[in-house]
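Fold and geometry: a report
The lines below spell out each chain.
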Amino acid sequence: VCRGAASIASKDVLGKTIPKTRRGRLSGWMGMIAGFSAMLAGAGIGWFAGEDGTLLLYVSILIGAAFLWFFAALIYAGIKEFPGATDGGASGFKIGVAKLCLLRDDPPFRRFVIARALALGSGLAAPFYIILAQRDLSGSAVLLGLFIAVEGFAGLVASPVWGRYADRSSRHVFALACGGAAIFSSMVAVWSLLPTSSLANYIFYPIAFFALGLAHAGVRLGRKTYVVDLAEGNKRTDYVAVSNTVMGALLLASGLVGALTALFSIAATVLLLSAAGFAGAFLGLKLKPVSG
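Read on for an overview of the structure. What you see is a predicted model; the values in this text were computed from it and never measured.

When helices and strands are tallied, the chain shows twelve helices and zero strands. Counting from the amino terminus, the chain carries its helices and strands in the arrangement α-α-α-α-α-α-α-α-α-α-α-α. Looking at the chain as a whole, 43% of its 292 residues qualify as buried. Partitioning the intrachain contacts of the chain with sequence separation of at least 6 by distance along the chain shows that 86% fall at a separation of at least 24.

A separate point is the pattern of salt bridges. Enumeration according to the criterion identifies three salt bridges in this entry. Two residues, Asp167 and Arg25, come together in a salt bridge whose shortest N-O distance is 3.9 Å. Linking Asp167 in helix H8 (residues 141-192) with Arg25 in helix H2 (residues 23-48), this pair joins segments that are 142 residues apart in sequence. With a shortest N-O distance of 2.8 Å, Arg104 and Asp105 are connected by a salt bridge. The class for Arg104 is exposed, based on a relative accessible area of 61%. Among the residues examined, Asp105 registers a relative accessible area of 47% and is labelled partly exposed.

Further remarks concern the nonpolar core. It is characteristic of soluble globular proteins that their nonpolar side chains tend to be buried jointly. Among the nonpolar cores identified, the biggest contains 25 residues, and Tyr129, Phe147, Val188, Tyr205 and Phe209 are the most heavily contacted of them. Those residues in contact with Tyr129 that lie beyond four places of it in its chain are Ala181, Phe184, Ser185, Val188, Tyr205, Ala208, Phe209, Leu212 and Val270.

Mapped onto the elements of the fold, Leu100 is located in the loop between helix H4 (92-98) and helix H5 (102-105). C-alpha of Leu100 to C-alpha of Thr245: the two residues are 145 residues apart in sequence and 8.8 Å apart in space. Ignoring sequence-local partners within four residues, the contact set of Leu100 consists of Val242 and Val246.

On to the packing of aromatic side chains. Evaluated as defined, the whole model comprises nine aromatic pairs. For the pair Trp191 and Phe204, a centre-to-centre distance of 4.2 Å together with 15 degrees between the ring planes defines the contact as stacked. Taken together, the residues Trp191 in helix H8 and Phe204 in helix H9 (residues 198-230) connect sequence positions 13 residues apart. Of the two residues, Trp191 and Phe204, neither departs from the other in class, the shared state being buried.

Between helix H7 (residues 121-136) and helix H12 (residues 266-285), whose axes approach to 10 Å, the crossing angle comes to 160 degrees. Considering their axes alone, H7 and H12 lie roughly antiparallel with respect to each other. Taken as a pair, H7 and H12 cross one another with a handedness that is left-handed. Here H7 contributes Gly121, Leu124, Ala125, Phe128, Tyr129, Ile131 and Leu132 to the contact with H12, which in turn contributes Ile266, Thr269, Val270 and Leu273. Among the residues making up the contact of H7 with H12, the classes are represented as nine nonpolar, two polar and no charged.

Further remarks concern the packing of helix H6 (residues 107-118) against H9. Interhelical geometry of H6 versus H9 gives an angle of 165 degrees and a closest axis separation of 11 Å. With respect to their mutual orientation, H6 and H9 come out roughly antiparallel. Two packed elements cross with a definite hand, and for H6 against H9 that hand is left-handed. For the pair formed by H6 and H9, the contact residues are Pro108, Phe109, Phe112 and Arg116 on the first element and Arg223, Tyr226, Val227 and Leu230 on the second. Residue classes in the contact of H6 with H9 are distributed as six nonpolar, no polar and two charged.

Position of Ser122 among the secondary structure elements: in helix H7. Judged by relative accessible area, Ser122 falls into the buried class, the value being 6%. With residues near it in sequence (within four places) discarded, Ser122 still touches Ala181, Leu212, His216 and Val219.

This part covers the side chain of Asp167. A relative accessible area of 5% places Asp167 in the buried class. Only 3.3 Å separates the side chain of Asp167 from the backbone nitrogen of Arg23, close enough to count as a polar contact.

Conventions used here
- Residues numbered from 1 in each chain as written.
- Predicted model: local features only at pLDDT ≥ 70, side-chain atom pairs only at ≥ 80, totals over all residues.
- Heavy atoms only, no water.
- Helix = DSSP H or I, 4+ residues; strand = E, 2+ residues; numbered from the N terminus.
- Buried < 20%, exposed > 50% of the residue type's maximum accessible area, 1.4 Å probe, protein only.
- Contact = heavy atoms within 4.5 Å.
- Salt bridge = Lys/Arg side-chain N within 4 Å of Asp/Glu carboxyl O.
- Core = buried A, V, L, I, M, F, W, Y, C linked by side-chain atoms within 4.5 Å.
- Phe/Tyr/Trp six-rings, centres within 6.5 Å; stacked < 30°, edge-to-face > 60°.
- Axes fitted to C-alpha atoms, helices over the stretch in contact; angles between N-to-C directions.
- Parallel < 35°, antiparallel > 145°, perpendicular 65-115°, else oblique.
- Left-handed = near helix turned anticlockwise from the far one by under 90°.
- Nonpolar A, V, L, I, M, F, W, Y, C, P; charged D, E, K, R; others polar.
- Polar contact = N/O pair within 3.5 Å; in protein donor to acceptor, adjacent residues only side chain to side chain.

As structure tokens, this is what we get:
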């Protein structure tokens with residue numbers, strides 16, 4: 001609930017305070033800082049956790065996260081918004097439900113929502129990567145810390161690059177990154193079916209997770225920049241609210257994806273997410289140009 005509210009507010013403020021050709025770059029720098037923080041957190045987990053981790057370690061992480069959120073709230077409260085597009089305030093959830101007709105009446109927005117839904121695989125695939133790695137390696141907290149650090153490093157490296165490119169063409173960033181995530185997931189699914197050594201797995205899975213992190217950073221930056229650039233004024237709030245409402249419903253239903261692993265296999269589930277990613281990349285190329 002809090003993430004949804006923050007998403008609506010942050011994109012509205014971003015659109016009102018940052019020029020159109022600078023939004024992707026700003027989001028890229030934010031992603032770099034977030035990636036650096038995640039890398040440190042993952043390294044800390046891997047270093048101090050031991051085999052199973054400790055209660056004190058995880059409690060410390062939660063307390064640290066709470067402090068960062070509180071500090072972020074204080075900073076955000078001091079942002080000076082430009083006048084305009086401030087009327088018509090309402091509950092984000094009510095807007096999301098009431099404005100669902102946008103999916104019927106606004107073709108460019110409808111295509112964006114469908115493409116974003118298909119791109120969910122770039123985020124949903126990550127847990128399955130970890131499950132496969134735990135199966136082929138070990139399930140210790142050290143391994144979890146390693147993957148968190150690797151994903152953070154990917155965000156640190158990729159976000160500024162994706163952000164600069166998104167200011168030129170956010171739909172191309174979205175499509176390229178979505179296609180990349182689909183390719184990497186296909187490779188992981190095939191790899192998991194091959195007879196491989198522990199040494200090869202120790203090398204492959206962190207690299208694959210790093211590649212997925214690079215792609216997921218691009219998907220996030222591309223779609224965020226695109227939806228902010230697509231709309232103006234109060235319509236931006238409507239777009240974000242409706243999009244988040246639809247994604248929330250899909251994520252609620254994504255438990256069915258996990259159920260597929262019981263019926264088929266983890267590799268088959270990853271391939272399904274990969275196929276959705278390829279479809280999302282194709283649709284992303286068809287989105288209305290809005291950047292630049």
